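Chain and residue survey
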Amino acid sequence: MTTRSFGKAVRRTEDLRLITGQGSFTDDAGPNALSLVMVRSPYANARVVSIDVSEAEQLNGVTAILTYEDLPGRLAEPLPLLIPHPSLSAPRTQHILAKDYVRYVGQSVVAIFAADRYIGEDAAERVIVEYEPKVAVVGIDGALGPNLVHDDVPRNVAADHSEHVGDVDSALAEAPHVLELDFEMERSMGSALEGRASHATWDRHSRKLRIQNATQTPTSVRFAVANILEIPDEQVEVFAIDVGGGFGTKVIHPWPEDILTAWGAMNYENSVKFTEDRVEHFISSSHERGQRHHAKVGFDEEGRLLGLDVDFVHDNGAYTPYGMIAPLITATQLPGPYRLPNYRVRFRSVYTNTVQVTPYRGAARPHAVFTMERTMDRIAAFLGIDRSEVRQRNFIQPDEFPYDLGMIFQDGRPAIYDSGDYPEMLNKALSMIEWDSFAERRSEAPPGKRRGIGVACYVEGTGLGPYEGGHVRVETGGKIQVSTGLASSGQGHHTVFAQIVADELGVPFEDVEVVTGDTRRFQYAVGTFASRAAVTSGNAVAEAARLVKEKAIALAADALEANPEDLEIVDGQVQVKGTPVRAIPLSQVAVLANPLRYSFSEAARAATQFAGNGSFDEPPIKPGEDPGLEATGWYSPIRATFASGTHAVEVEIDLATSEVEILRYCVVHDCGRIINPLIVEGQIHGGVAQGIAGALYEQLAYDEDGNLQNASFMDFLMPYCTEIPKIEIDHLETPSPLNPLGIKGAGEAGVIPVSAVIASAIEDAEGFEINQMPLFPSDLHSMRLASGREPA
Amino acid sequence: MNEEMSHEIVLDVNGKVKRFSAPARRLLSDALRGDLGLTGTHVGCEHGVCGCCTVLIDDQPVRSCLTFAIAAQDRKIRTVEGLADADGKLHPVQAAFKECHALQCGFCTPGFLMTATALLEQRPDPDEEEITEAIAGNLCRCTGYQNIRAAIGHAVELMQSDI
Amino acid sequence: MKPASFDYHRATSVEDATQLLSELEDAKILAGGQSLIPLMNFRLSTPPHLIDISNLPELSEIKVDDRSVTVGAAVTHTTLLKTQRVASELPLLVDAEKLVAHEVIRNRGTVCGSLAHADPAGEMTAVIRVLDGAVRTSSVDGERTIQAVDLFEGPLQSSLKENEVIVEAIFPKLGRNSLSSFREVARRHGDYAIAGAVSVVDYDDARSIASARTAFLSVGPVPILISFDQLLAKTKISDIGHDEIYEIVSSQLNPQADVHASADYRRHLAAELAWESLKACV
Ligand SMILES: Cc1cc2nc3c(=O)[nH]c(=O)nc-3n(C[C@H](O)[C@H](O)[C@H](O)COP(=O)(O)OP(=O)(O)OC[C@H]3O[C@@H](n4cnc5c(N)ncnc54)[C@H](O)[C@@H]3O)c2cc1C
Ligand code: FES
Ligand code: FES
């Protein structure tokens, strides 16, 4: 038998090129391309009065300068609203270049095409734009105030959405205890180390527009570009080879610069490249932040949840290109692993004069978990019972799956949990962190320090549709070529898809070569987000491999004059079960699968027309068959599959400096069957690190005029290795019944409960309520003073 | 408007002498990537914080985004492209990064590899604290650092078993 | 984020550098570039001429004599940090250097560049202040010595004249009966500090305190020095009370708030760090 690689810590195939400097990131290409440089608004809310580009145009090395007035056809229309929703009553998207108004600092106003970035920036300095500033709407309080972001959107409300299950009013009226709680979360942004980038080349001979783009969704970029430029899809090729981190930001498309590079390439007889710099990434990509929640919870003497009513406000920034997906995820993921018979949620998504808000790894689940888990802690505190006990009493039990939440999830389909074991997961986490003996460790805290412990649980909908596809082709040289449409930005897809195909087809892992995110290889795809790649594309390539296997066995059966049922594929050979001497290599089957007129090699001769293959009674390709040993498989999930996890943390706080040190961080994680533990653990490490960053280090600080005050890595404090502790991981595997491989998504999990669990531990240490995140030493210091619990 | 003055710049990169002409303001990072096609050195912030652009100059790690190419003449520059042997044998640090899954997207990786290489040349047997201190100026958004630390530890073992 | 155009001049000697500096309009010295180039990349600084002094052998020396450690203008933080004689003769310099950025920045950045840059968050500015050191400068008008107390005028503002180059920095050594300590809190390891305190305590022969002072970083427009002579003279260090130190420091400092910390927190930290650094001088 071929050794199975599914479940093994196989080393990654993508690494070799990346460790030798041979990766292919978008900015690596086109050293002589024209550089697209944008002039961006310095005002958060202003009317554009006039633009003077005359001086800039004189500069040597400047090819062209465009303002809104210069944009032809559909380029003058607002960018597409990617995800409409009935509750999104006032969606707004930006124009490629500002039309009359700018609505955030960083919005693109003028486009410059120059010989290189240096010259482009020289020109940008010489463009004179006159603005008439208006009062900026900043933060949730600003949005709820009298000033407007879009004159035609009253109260700044983009969406007002409600959902409920059960009868919350009665449940709360009858509950023995009711608490009203407020929680606020400010978040951060993806901040991939590679910014946005696009490099477009127009080949006028083949009439192809070739675009390398740092995107998580090349197929969709392609359709968007073709649509806006009004050219056939067939003329546009989009590929993402190496992408330096995505984290959600790079799902958004098309960016103004994606369209302008493509359009420029077709018009200026040169390829055009845009490479976002760090400041631009801060002020002109996407953020995710700003949600304020009010929760009303009713529970009984035992701490059992009777009803929960949550009303929250989501700051969506100046535009809503991704619709209301982020707050919708908060709404539907808020119940987490708990039985919640009566639940009502309402949110308003509001405009502010700040960078647009779109999902960032975890996608507003951290907010949901923060609200729910803080609520559970408050119930425990109110009743004087252990925080873990309150959770145990409310968990959905393993025998209750499938468990229908009674709500509609972000994929537009019912939210039904497919499998899990929440009680066991909590137990594992508690024993890992040694929860029961914490009192001792608390008392052992050194002088001037306080210790606390926290725990938090979550459920995450992953692997949603609509679909992905995969293509598997056996080459006559013996290599297995696999492609799928979604793109990779570090998740190790090339490795895990190769593992899956190797196992399904019965070939050595080393013979499988995977390409992702290249529309020349695979035209249809959705994209990499919502922890869906492994589930959707994984199952699709598995299906494609199964189809290839069937075909190979049918062809080999003819060649070996054997019964197909008696054949198996082992180590790349189709053989009679138990009789490996009667075998034919897959590469040879691939030759036979393609009847040839012309020979190009010794092996190919066997497939030529005088080689004496087949019967004269049938055509060389029989009806219903295709040439080539290849197949396309699709996987379209009925609905999302729900992964889950529990994190536990022990912290120590310095009373003089209010610095929080993480002593231990434990994760128990359930993503169904694990394809490659090395990669899953890597994803968790990275996710938790981003969670810690969002909890204790990062924020996006706007001043009242809408200037982002910390738009640099000097002041946006992405942690270094000195800030991130060792992360201990244990797994639980409850396979998903929804897909043949039994897998669930793992990409985002690590980040989700981190703010909640750290807040829980800090609250435990300090003895006063923690209702907001992130929390900096400076905040903690003032909170301690305000609480009257000054250091001894 | 007037043309910017170009200088003939000579750089010694990975043991090879490279000539090109560029204005004085050309950052070393851009010179390596654009003028010399050595795109293994990445650019993540251009203000010295992320470490993606780290190269070795006279065996010391420095930020190529905070160095003008013209000022790096007469110095010995090493980049990630020069780490493996001419016959393709990986440097122990590279091998260890692969073995320990110390990279995900790989964008930060060249900077870490160069920094770690300099560390191990100066201190063949660093303790954990020295490893942490050495890479403390490099950002990685993907890995959470745990496997990077492990990889450098593993590289030490590989180098010792090599001798 | 690309620098604006400039002309590059590699100085062949200090004299050449000062000559160029006086001839060229708005020229700036380029030492390690670790503060200047970020500013240029952001286009917050757009000097038309840069005069590179980083390769001048005459500026690459560290001299140690009975009275002081003298550091040439091309000496990097790393070189200072790794020089054995500095560690043994004035360990405070090494303690401070360990807190300056990360090694990769120290490999290029210079000690004198730090002083010329006059960032009140820079460790070396506080060190030279607490040691009452000085810089020696050169220009076409001649040489002069500027005492630390006169060198810093405001954030990123030194009292150097436009045509002056710092040639070397002079850090007076501490006496045999003196102790020093550096404490700071930064949000991330290697960042500029939220607040920091560097203390020097001189003892008399009876092991009582003769004088004590602390310089603070990141809590004012320039490094700020507070003397504790009146409070502490003739006491034993073990008798110093936390609350008195805290009170004096917090009543004298008036830091600014920023995205990282409130003014109150900064003041509190400075006071706590002063206490800790004094306490460590035993
Ligand atoms: C990411 C990062 C983090 C940092 N963190 C810290 C930190 O925590 N603490 C800290 O102290 N520093 C920090 N720095 C700054 C670093 O220490 C610099 O090296 C130092 O401040 C300036 O030295 P330089 O040689 O690089 O000066 P340059 O950048 O070359 O010059 C700085 C300024 O001084 C002028 N100048 C330089 N030398 C002379 C001279 N001899 N005569 C006259 N003028 C001169 C220049 O014209 C320029 O205006 C950090 C830098 C970076 C990029
Ligand atoms: S690009 Fe040079 S440090 Fe970030
Ligand atoms: S591997 Fe992606 S930033 Fe480090």
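Residues numbered from 1 in each chain as written. Chains lettered and ligands numbered in written order. Predicted model: local features only at pLDDT ≥ 70, side-chain atom pairs only at ≥ 80, totals over all residues. Heavy atoms only, no water.

**Here we look at the overall build of chain C**
The helix and strand tally for chain C stands at 12 helices and 14 strands. Taking 2.2 N^0.38 as the reference for a compact globule, 282 residues should give roughly 19 Å; the C-alpha atoms of chain C span a radius of gyration of 19 Å, in line with that estimate. Expressed along its principal axes, the backbone C-alpha trace of chain C runs to roughly 60 × 45 × 30 Å. For chain C, the residues scored as buried account for 61% of the 282 residues in total. (Helix = DSSP H or I, 4+ residues; strand = E, 2+ residues; numbered from the N terminus. Rg over C-alpha atoms; globule rule 2.2 N^0.38 Å. Buried < 20%, exposed > 50% of the residue type's maximum accessible area, 1.4 Å probe, protein only.)

**Describing the overall build of chain A**
If you tally the helices and strands in chain A, you get 20 helices and 29 strands. C-alpha extents for chain A along the principal axes are approximately 95 × 70 × 50 Å. Taking contacts inside chain A between residues at least 6 apart in sequence as the whole, the part at least 24 apart equals 79%. Surface summary for chain A: the accessible area is close to 27,000 Å², and the carbon and sulfur share equals 49%. If the 67 positive side-chain charges of chain A are averaged to one point and the 110 negative ones to another, these points end up 2 Å apart. (Contact = heavy atoms within 4.5 Å. Areas by Shrake-Rupley, 256 points an atom, 1.4 Å probe, with all protein chains shown as cover. Lys, Arg positive; Asp, Glu negative; His and termini not counted. Charge placed at Lys NZ, Arg CZ, Asp CG, Glu CD.)

**Here's the deal with the pattern of salt bridges**
Proximity of charged atoms lets side chains of opposite charge pair with each other. Residues and elements named next belong to chain A. Across all of its chains, the model carries 82 salt bridges over all chains by this definition. Here Glu-257 and Arg-196 are joined by a salt bridge, their closest N and O atoms 2.7 Å apart. Separated by 61 residues along the polypeptide, Glu-257 in helix H7 (residues 256–267) and Arg-196 in the loop between strand S8 (177–185) and strand S9 (197–203) bring together distant segments of the chain. Across this residue pair, the class does not change: Glu-257 and Arg-196 are buried. As a salt-bridge pair, Asp-518 and Arg-520 come within 3.0 Å of each other at their nearest N and O atoms. A relative accessible area of 11% means that Asp-518 is categorised as buried. (Salt bridge = Lys/Arg side-chain N within 4 Å of Asp/Glu carboxyl O.)

**Details of the confidence of the model for chain C**
With 100% of its residues at a pLDDT of 70 or more, chain C shows a mean pLDDT of 96. Taken over the whole predicted complex, pTM reads 0.97, whereas the ipTM for its chain interfaces reads 0.98. (pLDDT = per-residue confidence, 0-100.)

**A short note on the site of ligand 1**
Surveying the vicinity of ligand 1 reveals 35 residues, the closest of which are Ile29(C), Gln34(C), Leu36(C), Thr110(C) and Glu123(C). More than a single chain frames ligand 1: its nearby residues are located in chains A, B and C. Within the side chain of Ser114(C), an N or O atom sits 3.3 Å from an oxygen atom of ligand 1. Between a nitrogen atom of ligand 1 and a main-chain N or O atom of Ile166(C), the distance comes to 2.8 Å. With the chains in place, 95% of the 960 Å² that ligand 1 exposes on its own is no longer accessible. Mapped by element, the contributors of at least two residues to the shell around ligand 1 are strand S2 (27–30), helix H7 (111–117) and strand S10 (165–172) of chain C. The element that contributes the greatest number of residues to the shell around ligand 1 is H7(C), accounting for four residues. Looking at side-chain class alone, the shell around ligand 1 contains 18 nonpolar, 13 polar and four charged residues. (Near = heavy atom within 4 Å. Polar contact = N/O pair within 3.5 Å; in protein donor to acceptor, adjacent residues only side chain to side chain. Nonpolar A, V, L, I, M, F, W, Y, C, P; charged D, E, K, R; others polar.)

**Remarks on unusual backbone geometry**
In this chain, His253(A) is followed by Pro254(A) through a cis amide linkage whose omega measures -15 degrees. The topology assignment puts Pro254(A) in the loop between strand S11 (236–239) and H7. In the segment running from Met773(A) into Pro774(A), the intervening peptide bond is cis, with an omega of 0 degrees. In this structure, Pro774(A) sits in the loop between strand S29 (772–773) and helix H20 (777–787). The phi dihedral of Asp100(A) is positive, around 70 degrees, even though this residue is not glycine. Taking relative accessible area as the criterion, Asp100(A) reaches 41% and is therefore assigned partly exposed. Positive phi, normally seen in glycine, also occurs at Asp26(C), with a value near 55 degrees.

**Focus: the interface of chain B and chain A**
Interface size, as often reported, equals the accessible area lost upon joining of the parts. Contacts between the two partners involve 51 residues from chain B, matched on the other side by 61 residues from chain A. Summing both sides of the interface, chain B and chain A together bury roughly 4,500 Å²; the carbon and sulfur share of this comes to 57%. For the pair chain B and chain A, the interface holds five salt bridges. The shortest N-O distance in the salt bridge between Arg33(B) and Asp28(A) comes to 2.8 Å. (Buried area = accessible area lost by both parts, 1.4 Å probe.)

**Let's talk about the domain arrangement of chain A**
Residues and elements named next belong to chain A. Per the domain assignment, the segments making up chain A are domain 1 (32–134 + 196–275), domain 2 (136–185 + 288–396), domain 3 (411–462 + 639–792) and domain 4 (465–635). Taking the mean C-alpha position of each, domain 1 and domain 4 sit 40 Å from one another. In this complex, domain 1 contributes 18 residues to the contact, which on the side of domain 4 involves 18 residues. For the interface between domain 1 and domain 4, the tally reads zero salt bridges. In the side of domain 1 that touches domain 4, the residues fall into eight nonpolar, six polar and four charged. (Domains from an automatic or database assignment.)

**Considering the state of the cysteines**
All chains considered together, the criterion is met by zero disulfides over all chains. No disulfide involves Cys457(A); its sulfur sits 13 Å from the nearest other cysteine sulfur, which is in Cys666(A). The buried category is assigned to Cys457(A), whose relative accessible area is 3%. Cys52(B) takes part in no disulfide bond, and the closest cysteine sulfur, belonging to Cys50(B), lies 3.6 Å away. (Disulfide = S-S within 2.5 Å.)

**Section: helix H11 (residues 242–252) of chain C**
Residue and element names in this part refer to chain C. When H11 is considered as a whole, its buried residues turn out to be Ile-245, Val-249 and Ser-250. Along the long axis of H11, the arc covered by the buried residues comes to 115 degrees, so they all point the same way. Seen from the open side of H11, the exposed residues pointing more than 90 degrees away from its buried face are Asp-243 and Ser-251. The inward-facing, buried residues of H11 contact strand S13 (209–217), strand S14 (224–227), helix H10 (229–232) and helix H12 (263–279). (Arc of directions from axis to C-beta.)

**A short note on the sheet that holds strand S27 (residues 660–670) of chain A**
Residue and element names in this part refer to chain A. With respect to topology, four strands assemble into an open sheet ordered S18-S26-S27-S28, the strand pairing being mixed. Each edge of the sheet is formed by a strand with only one pairing partner; in this case those strands are strand S18 (449–462) and strand S28 (727–731). When the angles between neighbouring strand axes are averaged without regard to direction, this sheet yields 15 degrees. Sheet analysis places S27 next to S28, joined by five bridges and oriented parallel. Across the sheet, the residue bridging to Val-668 is Asp-730, located in S28. Strands strand S26 (641–654), S27 and S28 of the sheet are contacted by helix H18 (residues 677–697), whose axis makes an angle of about 140 degrees with S27. (Pairing = 2+ DSSP bridges. Axes fitted to C-alpha atoms, helices over the stretch in contact; angles between N-to-C directions.)

**Points about the packing of aromatic side chains**
The relative placement of two aromatic rings is captured by the distance of their centres and the angle of their planes. The tally for this structure, following the rule as stated, stands at 21 aromatic pairs over all chains. An aromatic cluster is present here, built from Tyr338(A), Phe395(A), Phe401(A), Tyr403(A), Phe409(A), Tyr417(A), Tyr422(A) and Phe642(A) joined pairwise through their rings. The side chain of Arg187(C) reaches across the aromatic face of Phe776(A), ending 4.6 Å from its centre. (Phe/Tyr/Trp six-rings, centres within 6.5 Å; stacked < 30°, edge-to-face > 60°. Lys NZ or Arg CZ within 6 Å of the ring centre and 35° of its normal.)

**Quick notes on the side chain of Glu164(C)**
Residue and element names in this part refer to chain C. Along the chain, Glu-164 falls in the loop between strand S9 (157–158) and S10. For Glu-164, a relative accessible area of 7% puts it in the buried group. Within polar-contact distance, the side chain of Glu-164 engages the side chain of Thr-137 at 2.9 Å. One polar contact links the side chain of Glu-164 to the main-chain amide nitrogen of Lys-161, over a distance of 2.8 Å. The contacts of Glu-164, once residues within four sequence positions are left out, are Leu-21, Thr-137, Ser-138, Ser-139, Arg-144, Ile-146 and Ser-159.

**Topic: the environment of Ala542(A)**
All names here are of chain A. Within the secondary structure, Ala-542 is located in helix H15 (residues 533–560). In sequence terms Ala-542 and Gly-244 are 298 residues apart; their C-alpha atoms lie 27 Å from each other. Excluding residues within four positions of it along the chain, Ala-542 makes contact with Ile-500, Glu-504 and Leu-741.

**Re the side chain of Glu288(A)**
All names here are of chain A. Inspection of the secondary structure assignment puts Glu-288 in the loop between helix H8 (278–284) and strand S13 (291–299). In this structure the side chain of Glu-288 is engaged in a polar contact, spanning 3.3 Å, whose partner is the backbone nitrogen of Ala-364. Leaving out residues up to four positions away in the same chain, Glu-288 has contacts with Arg-187, Ser-188, Val-357, Thr-358, Pro-359, Tyr-360, Ala-363, Ala-364 and His-367.

**Some words on the packing of helix H10 (residues 365–383) of chain A against helix H11 (residues 387–394) of chain A**
All names here are of chain A. Where H10 meets H11, the closest approach of the two axes is 8 Å, and the angle between their N-to-C directions is 110 degrees. With respect to H11, the element H10 is oriented roughly perpendicular. Crossing hand, H10 versus H11: right-handed. Facing H10, whose interface residues are Glu-373, Met-376, Asp-377, Ile-379 and Ala-380, H11 presents Arg-387, Val-390, Arg-391 and Asn-394. When the residues that make up the contact of H10 with H11 are grouped by side-chain class, the tally is four nonpolar, one polar and four charged. (Parallel < 35°, antiparallel > 145°, perpendicular 65-115°, else oblique. Left-handed = near helix turned anticlockwise from the far one by under 90°.)

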